[in-house]
Amino acid sequence: MKKIERRAVICVALALALALGMGLFLFRYFTSGGKWASSAFNRHLYNSAGQLSSGSVLDRDGDVLSEGKDGKRTYYENEIVRKATLHAVGDLQGSIGTGALNAFADRLTGYSLLNGAFGADRGSELYLTVDARYHYEAYQALGGKSGTVAVYNYKTGEILCMVSAPSYDPLHVPADIETNERYEGAYLNRFLSSTFTPGSVYKTVTLAAALENLPDAQSRTWNCEGSIQMGEETIVCSGVHGEQTLEEAFANSCNVAFASIAVEVGAEAMARQTEKAGLTSAYSVSTLPTAKGTFSFDGITDGQLGWAGVGQYQDQVNPCALMVYMGAIANGGKAAEPYLIQKTVSALGIPSLPHITRKTKTLVSSGTAAAMAEMMANNVEKTYGTGRFPNMDLCAKSGTAEVGEGKTPHAWFAGFLRGEDTPYAFVVLVENGGGGSSVAGTVAGKVLDLVVNGY
């Protein structure tokens, strides 16, 4: 009798182990099945060179950016388009982690939970939200400089442009790509995966902190004599602006005023405002995680806080997060979360389900967003020049970020367009480019002109 009981216990234990194992397998199948199916171990999906030969990548207009054909992978015929879309499409070696050929291989193979990889050798058509024309224009506008240019619809979340440079032709990889400084960081998607010193574009956060923490912010003035001493730090401004309102100080991008605001608001409030703006969080862009910005407010001196308030000190921001923040200001406090996959169409012509737009948390209060938008529009009118941006209701902030002695500053230009037909937020970073308005603003103007006005 005892022997039967022991055997029964063993059988129950084995049954439980089998059930747990089956449960674990099903969980992994549901969560990782696509990666299994699109693995390079599945040799019928990859050619002898290890290149995914299944599926096509297209832009939003249906232009084929890359396709598997006769066991080989081909790319768009224009070399500049190939370079401009590299970080969205991917390369043949799998070095570009954010490229569709690597990140969305399961979508390209047509994998499904029901059929697995059956028929995956024919592949699917993967439509991205980006437009090859905008990529071409943005890449050309960067003029060989490193940096990133991005535009997205802050109401729907569609990323229309996502250029990262330096880049290279995936069909003709430079032999010296690993040693030539010209290609330093070429594998990295600067828009999604990097952080940079923001300079004065961060003053949008300090502006929000002023509006939400200083009751008299819009009725008082700040005096700028070209510099201000804060403890052991001397905060230097780009000019002598004299007595100025908050709006005027923002248009002047006055370091003295905004450093003073940061100190008056305090480190805790600045940290809260930065976190609220989403600049310390990561977004998931069609499953691709963005880098988190970093800011140091704990235990800092007034002088360090002053520099942090103007986007210097140890401030580091991710371009994608900054762009989404711009979209939230435009959209009353919340913006659509960005995404890259428009749809997939199977080999049988069956499209995927429509994308469900998701909104961010509240990144800035609605009243503050409205006030900021007007001040950013004033920047364009009074400082940058409306003539540079024809037929656009543009709101923007430039930035010239110091990145070390002897190095040319990073140039930034970020903002958004207002209007039912132009719900677009954007960010431009030109590494070691110089002046934010003159350099990055010119790049933004060329791309936005194409987006808004066409050819």
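Numbering of residues starts from 1 in each chain and follows the order in which that chain's sequence is written. A pLDDT threshold of at least 70 governs which residues receive local features in this predicted model, and a stricter bar of 80 or more applies before side-chain atom pairs are shown or counted, although totals over entire chains, interfaces and linings include all residues. For the side-chain quantities, the full set of heavy atoms in the structure was used; hydrogens and water were omitted.

(A) Representation of the side chain of T344. With respect to the helices and strands, T344 occurs in strand β13 (residues 341-345). Look at T344 and you get buried, because its relative accessible area is 11%. Setting aside residues up to four positions removed in sequence, T344 forms contacts with R107, E125, L126, I350, P351 and S352. For the purposes of this entry, the term helix denotes a DSSP run of H or I that reaches at least four residues, the term strand denotes a run of E that reaches at least two, and both are numbered from the N terminus. The classification of residues rests on relative accessible area computed with a 1.4 Å probe and restricted to protein chains. Under 20% of the type maximum is buried, over 50% is exposed, and intermediate values are partly exposed. What makes two residues a contact is simply this: any of their non-hydrogen atoms within 4.5 Å.

(B) Just the pattern of salt bridges, in detail. Salt bridges are counted wherever a side-chain nitrogen of Lys or Arg sits within 4 Å of a carboxyl oxygen of Asp or Glu. As enumerated under the stated definition, the model contains eleven salt bridges in all. D169 is paired through a salt bridge with R82; the nearest N and O atoms lie 2.7 Å apart. Placement of D169 in the loop between β6 (159-165) and α7 (190-193) and of R82 in helix α2 (residues 79-84) is noted, with a sequence separation of 87 residues between them. The exposure classification of D169 matches that of R82, with both residues buried. E212 serves as the salt-bridge partner of K276, at 3.5 Å between the closest nitrogen and oxygen.

(C) Spotlight on the packing of helix α8 (residues 203-213) against helix α11 (residues 267-276). Axis definition: a line fit to C-alpha positions, over the contact stretch in the case of helices; interaxial angles, taken between N-to-C directions, run 0 to 180 degrees. In the contact formed by α8 and α11, the axes pass within 9 Å of each other and the chain directions differ by 115°. Crossing hand, α8 versus α11: right-handed. Side by side, α8 and α11 meet where V205, T206, A208, A209, E212 and N213 of the first sit next to A269, M270, R272, Q273, T274 and K276 of the second. Each residue is assigned to one of three groups, with Ala, Val, Leu, Ile, Met, Phe, Trp, Tyr, Cys and Pro labelled nonpolar, Asp, Glu, Lys and Arg labelled charged, and all others, Gly among them, labelled polar. For the contact of α8 with α11, the per-class residue count stands at five nonpolar, four polar and three charged. In this scheme the crossing of two helices becomes right-handed for a clockwise turn of the near helix relative to the far one and left-handed for an anticlockwise turn of less than a right angle.

(D) Spatial organisation of helix α15 (residues 436-453). Bending is quantified residue by residue as the angle between axes fitted to the seven-residue window ending at that residue and the seven-residue window starting at it. Its maximal kink placed at T442, α15 deviates by approximately 30°. Within α15, burial applies to G436, S437, A440, G441, V443, A444, G445, V447, L448, L450 and V451. For α15, the secondary structure elements touched by its buried residues are α6 (132-142), β5 (147-153), α14 (366-384), β14 (394-401), β15 (410-417) and β16 (424-430). Immediately beyond the C-terminal end of α15, within one or two residues, lies G454, with a positive phi of roughly 70°.

(E) Structural detail: α8. Across the eleven residues of α8, nine count as buried, placing the element largely inside the fold. Turning to α8, its buried residues are K203, T204, V205, T206, L207, A208, A209, A210 and L211.

(F) Seen up close, the sheet that holds β5. Here a strand pair is declared whenever DSSP counts at least two bridges between the two strands. With respect to topology, five strands assemble into an open sheet ordered β6-β5-β16-β15-β14, the strand pairing being antiparallel. Across the chains shown, the open sheet's two edge strands, defined by having one partner strand only, are β6 and β14. Across the sheet, the axes of successive neighbouring strands diverge by a mean angle of 5°, strand direction being ignored. As paired strands, β15 and β16 are joined by six bridges and run antiparallel to one another. Looking at β16, one finds that A414 is bridged to V427. Its contacts with the sheet place α15 against β5, β14, β15 and β16, and it is angled at close to 35° to β15.

Geometric values such as these leave the question of function open.
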